Amino acid sequence: MGLTPTKLIWMNGKLVPWNEAKVHVLTHTLHYGLGVFEGIRCYKTEKGPAVFRLVDHIKRLENSAKITGMVLPYSVDELVAATKEMIRANEIEECYIRPIAFYGYGVMGLNPEGAPVNVAIAAWPWGTYLGEDGLEKGVRAKISPWVRIHPRILPPAAKLVANYANSIFAKVDALKSGYEEAILLNLDGFVTEGPGENLFIVENGNLVTPPLSSGALGGITRDSIIRIARDEGILVREENISKERLYRADEAFFTGTAAEVTPIREIDGNVIGSGKRGEITGKLQRTFFETVRGRRPEYEDWLDYVE
Ligand code: PPE
């Protein structure tokens, strides 16, 4: 993804010009991977730019930090205010927001004690994650030869920088094999998620998604889709999904801040359902986009207006 710079990045309490938001090469997290981050989207609405579930994302950042033993030098309220201040200063209507907390310069060696905790929040325009075509027609996915990190190895419940090496391996393998996205199984052979998305299937009109105990991240889009589906009268179950069950699903889709709601039309060469965006997937996708763009009063609580 080529980056399109915006004007300012919030860094440790100040707005700094995009090109000046730099770190030292002896930044602790750069060497050992112990940093935590978030991915959030801001959408254009009739009432101005609105950040989708901002507080929930910042709370997850704080929880990721807690899981890894990092103490954030800012409160949730301060980071929520900083995010909105940064968007206003950049005068952008739609963007992807990337808060990151990392151990900075000061100590080397594995023990991060004594390294300062730095926090930055950047934003840039980011279109569709898996292509405009993907949103409409669905993507082709491959079950990864890489196994999703087990909770006794690294904490899959945290958005820990180091976890993403596992995701990158799976993503690159899928792309090299001619697919658009990967699906990772856990050590027991059950479906967990994509490298940067949660996964749902439709079976006989019901939604099924792997439980968080499978090793999937507690996605905020996942949570939103569960709520929307239940409100629309669709039964949602959290159950282990085997590879075989995945192959014979009526519909399948990914959810994520970046990926939004992206249908899956093929897995390992097996056509899923009709090979097109499924009916229930399409319905949930429509409601999701109406929600984030402020056209669903019942989900208005999820929007944090910037102005
Ligand atoms: N699982 C993983 C591993 C994951 O990284 C994400 C988000 C999700 C599920 C979905 O979570 P949520 O965004 O709360 O619905 N992945 C972020 C990073 C993507 C990237 O390529 O960078 C994102 O979507 O922002």
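Criteria and cut-off values
Residues numbered from 1 in each chain as written. Predicted model: local features only at pLDDT ≥ 70, side-chain atom pairs only at ≥ 80, totals over all residues. Heavy atoms only, no water. Domains from an automatic or database assignment. Buried area = accessible area lost by both parts, 1.4 Å probe. Salt bridge = Lys/Arg side-chain N within 4 Å of Asp/Glu carboxyl O. Near = heavy atom within 4 Å. Polar contact = N/O pair within 3.5 Å; in protein donor to acceptor, adjacent residues only side chain to side chain. Areas by Shrake-Rupley, 256 points an atom, 1.4 Å probe, with all protein chains shown as cover. Helix = DSSP H or I, 4+ residues; strand = E, 2+ residues; numbered from the N terminus. Nonpolar A, V, L, I, M, F, W, Y, C, P; charged D, E, K, R; others polar. Core = buried A, V, L, I, M, F, W, Y, C linked by side-chain atoms within 4.5 Å. Buried < 20%, exposed > 50% of the residue type's maximum accessible area, 1.4 Å probe, protein only. pLDDT = per-residue confidence, 0-100. Contact = heavy atoms within 4.5 Å. Axes fitted to C-alpha atoms, helices over the stretch in contact; angles between N-to-C directions. Parallel < 35°, antiparallel > 145°, perpendicular 65-115°, else oblique. Left-handed = near helix turned anticlockwise from the far one by under 90°. Patch = residues over 30% accessible without salt bridge, like charges linked within 9 Å, V, L, I, M, F, W, Y side chains within 5 Å. Expected span 1.5 Å × (residues − 1). Arc of directions from axis to C-beta.

A. Fine view of the domain arrangement of the chain. In terms of domains, the chain is made up of domain 1 (8–124) and domain 2 (132–292). Computed over C-alpha atoms only, the centres of domain 1 and domain 2 are separated by 26 Å. The largest contributions to the domain 1 side of the interface with domain 2 come from F37, F52 and R60, which together make up 33% of the buried area. At the boundary of domain 1 and domain 2, one finds two salt bridges. Taking the shortest distance from any N to any O, the salt bridge between D223 and R53 comes out at 2.8 Å.

B. Inspection of the site of the ligand at higher detail. As a matter of local geometry, the ligand sits amid 22 residues, with Y96, Y129, Y164, T221 and T257 nearest to it. For the ligand, an oxygen atom lies 2.7 Å from a polar atom in the backbone of I220. Contact with the protein chains hides 93% of the accessible area of the ligand, taken as 550 Å² for the molecule alone. Secondary structure elements with two or more residues in the shell around the ligand: helix 2 (54–68), strand 6 (95–103), helix 6 (220–231) and strand 14 (251–256). Across the shell around the ligand, the residue classes break down as eight nonpolar, nine polar and five charged.

C. Quick look at the nonpolar core. Counting 27 residues, the largest nonpolar core has V51, L79, I87 and I97 as its most contacted members. Sorting the residues of this core by element identifies strand 4 (40–43), helix 2, helix 3 (76–90), strand 6 and strand 7 (117–124) as the ones contributing at least two each. If you tally residues by element for this core, the top one is helix 3, at six residues. The next biggest cluster of nonpolar side chains, apart from the first, holds 24 residues, and it includes A50, F52, L135 and V261.

D. Just the confidence of the model for the chain, in detail. Scored by pLDDT, the chain has a mean of 97; 100% of the residues are at 70 or more. Considering each helix and strand of the chain separately, the mean pLDDT is smallest for helix 4 (residues 132–137), with a value of 94, and largest for strand 3 (residues 35–37), with 99.

E. Broad picture of the side chain of H28. Within the secondary structure layout, H28 lies in helix 1 (residues 28–32). Aside from chain neighbours lying at most four places away, what touches H28 is G33, Y103, G104, V107, G109, L110, N111, P112 and A115.

F. Up close: the pattern of salt bridges. Evaluation of the coordinates by the stated rule reveals 22 salt bridges. Put simply, E91 and K7 hold a salt bridge, and the shortest N to O gap is 2.7 Å. With E91 in the loop between helix 3 and strand 6 and K7 in the segment before strand 1 (8–11), the pair connects residues that are 84 residues apart, well separated along the chain. Look at E91 and you get exposed, because its relative accessible area is 63%.

G. Fine view of the packing of helix 6 against helix 8 (residues 279–292). Running from amino to carboxyl end, helix 6 crosses helix 8 at an angle of 110 degrees, the nearest separation of the two axes being 10 Å. By the angle class used here, helix 6 and helix 8 are roughly perpendicular. The element helix 6 and its partner helix 8 pack so that their crossing is right-handed. On the side of helix 6, the interface is formed by T221, I225, I228 and A229, while helix 8 contributes L284, T287, F288 and T291. Class assignment for the residues of the contact of helix 6 with helix 8 results in five nonpolar, three polar and no charged.

H. Here's a closer look at unusual backbone geometry. One non-glycine residue, R53, lies in the positive phi region at around 50 degrees. With respect to the element layout, R53 can be found in the loop between strand 5 (50–52) and helix 2. R53 sits in the buried class, given a relative accessible area of 10%.

I. A look at the side chain of T291. If you trace the backbone, T291 turns up in helix 8. Accessibility expressed as a relative area gives 1% for T291, which makes it buried. Dropping the residues within four chain positions of it, T291 is found in contact with F52, I228, R296, Y299, W302 and L303.

J. Layout of a nonpolar patch on the surface. Taken together, the side chains of V25, L26, L30, Y32, Y105, M108 and L110 make up a nonpolar region of the molecular surface, amounting to roughly 740 Å² of accessible area. You can see L110 is positioned in the loop between strand 6 and strand 7. Its relative accessible area of 67% is what places L110 among the exposed residues.

K. A look at helix 3. Along its 15 residues, helix 3 runs 21 Å from first to last C-alpha, staying within 8% of the 21 Å computed at 1.5 Å per residue. Turning to helix 3, its buried residues number three or more, namely V76, L79, V80, A82, T83, K84, M86, I87 and N90. Just downstream of helix 3 lies E91, where phi reads positive at about 50 degrees.

L. Region of interest: helix 5 (residues 163–176). The end-to-end C-alpha distance of helix 5 is 21 Å, a good match for the 20 Å that 14 residues give at a rise of 1.5 Å each. Buried within helix 5 are the following residues: N163, N166, S167, A170, D173 and A174. All buried residues of helix 5 lie within an arc of 135 degrees about the axis, which places them on one face of the element. Along its buried surface, helix 5 packs onto strand 8 (139–143) and strand 9 (181–185). Downstream of helix 5 by one or two residues, G178 has phi in the positive range, about 90 degrees.

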